[in-house]
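Architecture at a glance
Okay, here's what each chain looks like letter by letter:
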Amino acid sequence: MGGRGTFAAGNNVAFIYKTVGYIEGVKVLEGMGKKHDLPVEAHSSSAYIKLYPDGNFQMIRFYDSDHYLTTEIAYHPEKDLDISRKPILHIHEYKRDNFKDRPKRLLTKDEYEKYKKYFKKELRWQPNQN
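Owing to the predicted nature of the structure, the values given are computational and were not obtained by experimental measurement.

**Focus: the packing of aromatic side chains**
Inspection of every chain in the model, using the stated rule, returns six aromatic pairs. Look at Phe62 and Tyr115: their rings are 5.3 Å apart centre to centre, the planes differ by 45 degrees, and that puts the pair in the tilted class. Pair noted here: Phe62 is in strand E4 (residues 57–63) and Tyr115 is in helix H1 (residues 109–115), with a separation of 53 residues, a long-range link. Owing to a relative accessible area of 14%, Tyr115 belongs among the buried residues under this scheme. An aromatic cluster is present here, built from Phe57, Tyr112, Phe119 and Trp125 joined pairwise through their rings.

In structure tokens, the structure reads:
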């Protein structure tokens, strides 16, 4: 998967990810070769998941019908949201016309309930949790 908009514009590029499993019907991807984030555009799926090497949830990305990244839920420290430096679930919402503008915020209770099926276990989503 290439640069932002490459696949969406009809320009196919070599795959740099492989599917290593599924969680709740969503492909779990792993980068081939060097360390990789999840793709910024989807070839055919509406979401992809990435796990840490120990098998724990790292992030899920959701894509619109035009293959563009719209939402990312990630699990890592975010000092702007929680000063403890512990991993915490949070959301980045992407804008198609300004990819670098991706505000982050904590999940709401409803969002946590909606997405927890992808996490495989309970994850910290509020700053006052252990």
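**Re the sheet that holds strand E2 (residues 26–31)**
Judged by pairing direction, the sheet is mixed, and its seven strands sit side by side in the order E1-E2-E3-E4-E5-E6-E7 without closing on themselves. Unpaired on one side and paired on the other, strand E1 (17–23) and strand E7 (104–106) mark the two borders of the sheet. Shown here is a sheet whose adjacent strand axes are inclined to one another by a mean of 30 degrees, direction ignored. Two elements, strand E6 (residues 88–93) and E7, share three bridges in a ladder whose sense is antiparallel. Residue pairing across strands places Ile91 opposite Arg105, the latter belonging to E7.

**Topic: the pairing of strand E3 (residues 47–51)**
Within E3, four of the five residues are buried, which leaves the element mostly enclosed by the surrounding structure. Where E3 lies against E4, five bridges are found, and the strand directions are antiparallel. Directly across from Tyr48, in E4, lies its bridge partner Arg61. Joining the antiparallel neighbours E3 and E4 is a turn of five residues, in which Gly55 adopts a positive phi near 95 degrees.

Cut-off values and rules
- Residues numbered from 1 in each chain as written.
- Predicted model: local features only at pLDDT ≥ 70, side-chain atom pairs only at ≥ 80, totals over all residues.
- Heavy atoms only, no water.
- Phe/Tyr/Trp six-rings, centres within 6.5 Å; stacked < 30°, edge-to-face > 60°.
- Helix = DSSP H or I, 4+ residues; strand = E, 2+ residues; numbered from the N terminus.
- Buried < 20%, exposed > 50% of the residue type's maximum accessible area, 1.4 Å probe, protein only.
- Pairing = 2+ DSSP bridges.
- Axes fitted to C-alpha atoms, helices over the stretch in contact; angles between N-to-C directions.

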